[in-house]
Amino acid sequence: MYQQMIFVNLPVNDIDASKKFFSELGYTINPQFSDENTASVVISDTIVAMMLARPKYAEFTKKEIVDATKSSEVLIALSAESREKVDELVDKAIAAGGSPTGETQDHGFMYGRAFDDLDGHTWEVVWMDPAAVEG
């Protein structure tokens, strides 16, 4: 079966800082699709975050590029395999220079926390009890 992929493209101020930040979260940088203007952050086999220097990002749109530290356009949500993995990833992000954002969401069957990366993009990390998902 074909595995559809998602490539999230985000404008960033400093490619090297973004590479370091996401590497510290445990993700790999794919050198084949990275250069001085681009960092290809491999989150999973089907999820890749493309960090693009603002001038490079501007080549793909005629729209104004928002400053994610002041405006919100997207919330990126990632699943986690456990509550502990939610905490682990968010704590790594904060230790690497990210900022905690929002309140911890604990509904028993669902648990989530969020952080803003170095450029203000919000990443939500969520665990859901598999039994609750199954209904």
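As a reminder, the structure under discussion sits directly above these lines.
What comes next concerns the included structure. (Residues numbered from 1 in each chain as written. Predicted model: local features only at pLDDT ≥ 70, side-chain atom pairs only at ≥ 80, totals over all residues. Heavy atoms only, no water.)

Overview of the nonpolar core
Then step 1. Core analysis: the biggest nonpolar cluster contains 27 residues, and Phe 22, Leu 25, Tyr 27, Met 51, Phe 115 and Trp 123 have the highest contact counts within it.
Then step 2. Of all the elements in the fold, those that place two or more residues in this core are β1 (6-12), α1 (15-24), β3 (38-42), β4 (47-53), β5 (75-79), α3 (83-95), β7 (110-116) and β8 (122-128).
Then step 3. With four residues, the top contributor of residues to this core is α3.
Then step 4. With sequence-adjacent residues up to four places away left out, Trp 123 is seen in contact with Leu 10, Phe 22, Ile 43, Ala 49, Met 51, Ile 76, Leu 78, Arg 113, Ala 114, Phe 115 and Asp 117. (Core = buried A, V, L, I, M, F, W, Y, C linked by side-chain atoms within 4.5 Å. Buried < 20%, exposed > 50% of the residue type's maximum accessible area, 1.4 Å probe, protein only. Helix = DSSP H or I, 4+ residues; strand = E, 2+ residues; numbered from the N terminus. Contact = heavy atoms within 4.5 Å.)

Things to note about the pattern of salt bridges
Then step 1. Going through the model one piece at a time under the given rule, you end up with seven salt bridges.
Then step 2. Note that Lys 56 and Glu 59 form a salt bridge whose closest N and O atoms lie 3.5 Å from each other.
Then step 3. Across the pair Arg 113 and Asp 91 runs a salt bridge, and its minimum N-O distance is 3.0 Å. Of the two residues, Arg 113 is situated in strand β7 and Asp 91 in helix α3; the sequence distance between them amounts to 22 residues.
Then step 4. In this structure Arg 113 comes out as buried when scored by relative accessible area, which is 18%.
Then step 5. Judged by relative accessible area, which is 40%, Asp 91 ranks as partly exposed.
Then step 6. By sharing partners, the salt bridges in this structure join Lys 85, Glu 88 and Lys 92 into a single network. (Salt bridge = Lys/Arg side-chain N within 4 Å of Asp/Glu carboxyl O.)

Digging into a nonpolar patch on the surface
Then step 1. A surface patch of nonpolar side chains, amounting to about 270 Å² of accessible area, comprises Phe 109, Met 128 and Val 133.
Then step 2. Structurally, Phe 109 can be placed in the loop between β6 (99-106) and β7.
Then step 3. On the basis of relative accessible area, Phe 109 is assigned to the partly exposed category, the value being 39%. (Patch = residues over 30% accessible without salt bridge, like charges linked within 9 Å, V, L, I, M, F, W, Y side chains within 5 Å. Areas by Shrake-Rupley, 256 points an atom, 1.4 Å probe, with all protein chains shown as cover.)

Re the side chain of Arg 113
Then step 1. Within the structure, Arg 113 has its side chain in polar contact with the side chain of Asp 87 (distance 3.0 Å).
Then step 2. Of the polar contacts made by the side chain of Arg 113, one reaches the side chain of Asp 91; its length is 3.0 Å.
Then step 3. In this view, Arg 113 contacts Val 86, Asp 87, Val 90, Asp 91, Ile 94, Thr 104, Trp 123, Glu 124 and Val 125; residues no more than four positions away in its chain are not counted. (Polar contact = N/O pair within 3.5 Å; in protein donor to acceptor, adjacent residues only side chain to side chain.)

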